[in-house]
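Residue strings, one per chain:
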Amino acid sequence: AVVSTQSTGEANKSVLSEVEDIASRSSTPPIEFTSQTNILERSLFGSSTPISPSPVMPTHSSYAMEKLTSQLKQSQSEMISYQEQIKSLSLSKASLTAEITSVSQKCTELEQKIVDLPKVKKENKELQTRYDTLLQMYGEKAEEVHELQLDLKDVREAYKAQIEQLLAKVIR
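Rules of the game
Position numbers for residues start from 1 in each chain and track the written sequence from start to end. Only residues with pLDDT of 70 or above have their local features reported here, since the model is predicted, and side-chain atom pairs are shown and tallied only from 80 upward, although totals for entire chains, interfaces and linings are computed over all residues. Each side-chain value is worked out from all heavy atoms of the structure, with water and hydrogens disregarded. Numbering of helices and strands runs from the N terminus, with a helix taken as a DSSP run of H or I at least four residues long and a strand as a DSSP run of E at least two residues long. Accessible area is worked out with a 1.4 Å probe on protein chains only. A residue is then buried under 20% of its type maximum, exposed over 50%, and partly exposed in between. A contact between two residues is defined here by any heavy atoms of the two lying within 4.5 Å. Candidates for patches are residues over 30% relative accessible area with no salt bridge; among them, like charges are joined within 9 Å and nonpolar side chains (Val, Leu, Ile, Met, Phe, Trp, Tyr) within 5 Å. What sets the accessible areas is the Shrake-Rupley method with a 1.4 Å probe; for residues, cover comes only from the shown protein chains. The salt bridge criterion pairs a side-chain nitrogen of Lys or Arg with a carboxyl oxygen of Asp or Glu, the two atoms within 4 Å. The sign given to each residue is positive for Lys and Arg and negative for Asp and Glu; His and the chain ends receive no count. The atoms used to mark charge sites are NZ of Lys, CZ of Arg, CG of Asp and CD of Glu. What pLDDT reports is the predictor's confidence in each residue, on a scale of 0 through 100. Multiplying 1.5 Å by the helix residue count minus one yields the expected span of that helix. Bend, in this description, refers to the angle at a residue between axes fitted to the seven residues ending there and the seven starting there.

Peer 1: What am I meant to see in the overall build of the protein chain here?
Peer 2: On a plain count of helices and strands, the protein chain comes out with three helices and zero strands. Its helices and strands taken in sequence order, the protein chain reads α-α-α from the N to the C terminus. Per-residue burial for the protein chain yields a buried fraction of 13% across its 172 residues. Partitioning the contacts of the protein chain with sequence separation of at least 6, the portion at a separation of at least 24 is 64%.

Next up, the structure:
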């Protein structure tokens, strides 16, 4: 797009120099030249109103040249403005493309996690069942150990009582 706008600008300069050559050859333009100028103006700048020759102005070609020059400068400034807009939009496009890529990757990762979610829930449920079973078994074993400790205490006391009775019989 930049190349075509540059070549358009060069073409406008070329046409302008040709118009200047024609204007320098004659101080009063013939009717054929005036219509060519109007056609040129309309084709270059899209103007629908032709420049009409004025009997008050003695040098119509200089007026036409000034008008064409000003329109050319205006077109060139518009072209520069459009080129800056193109650069700005290109940078925005690149930034948005990078952002879209990043969001797309995150979306893909989340979709994979959604696919894996039922499997993870099943594994979690199995682990919870195993944990509950182990916790129950631990509670039962802890209770059994406590009962055995009480039984051991009772056996020790009974053993101690028997030893004391035997000692008392032996001593007597």
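Peer 1: Help me out: how do you make sense of a nonpolar patch on the surface in this one?
Peer 2: A cluster of nonpolar side chains, namely Y159, I163, L167, V170 and I171, defines an oily patch on the protein surface of about 550 Å² accessible area. Within the secondary structure layout, Y159 lies in helix α3 (residues 60–171).

Peer 1: How should a negative patch on the surface be read in this particular structure?
Peer 2: Together, E140, E143, E144, E147, D151, D154 and E157 make up a region of like negative charge exposed at the surface. By secondary structure assignment, the location of D151 is in helix α3.

Peer 1: When you look at the confidence of the model for the protein chain in this model, what are you seeing that I'm missing?
Peer 2: Note that predicted coordinates carrying low pLDDT should not be read in detail. Per-residue confidence for the protein chain averages 80 on the pLDDT scale, and 66% of its residues sit at or above 70. Taking the mean pLDDT of every element in the protein chain, the minimum, 57, falls on helix α2 (residues 31–45) and the maximum, 94, on α3. Predicted confidence for residues 26–33 stays below pLDDT 50, and this span has 12 contacts to residues more than four positions away or in other chains. This stretch, residues 53–58, has a pLDDT under 50; its non-local contacts, to residues over four places away or in other chains, come to five contacts.

Peer 1: So what exactly am I meant to see when it comes to α3 here?
Peer 2: Spacing of three or four residues puts side chains on the same side of an α-helix, whose turn is 3.6 residues. For α3, with 112 residues, the first-to-last C-alpha span of 155 Å sits near the 166 Å given by 1.5 Å per residue. Where α3 bends most, the angle comes to about 40°, and this point is D116, followed within four residues by the proline P118. Along α3, the residues classified as buried are H60, S61, A64, M65, L68, Q71, L72, M79 and Q83.

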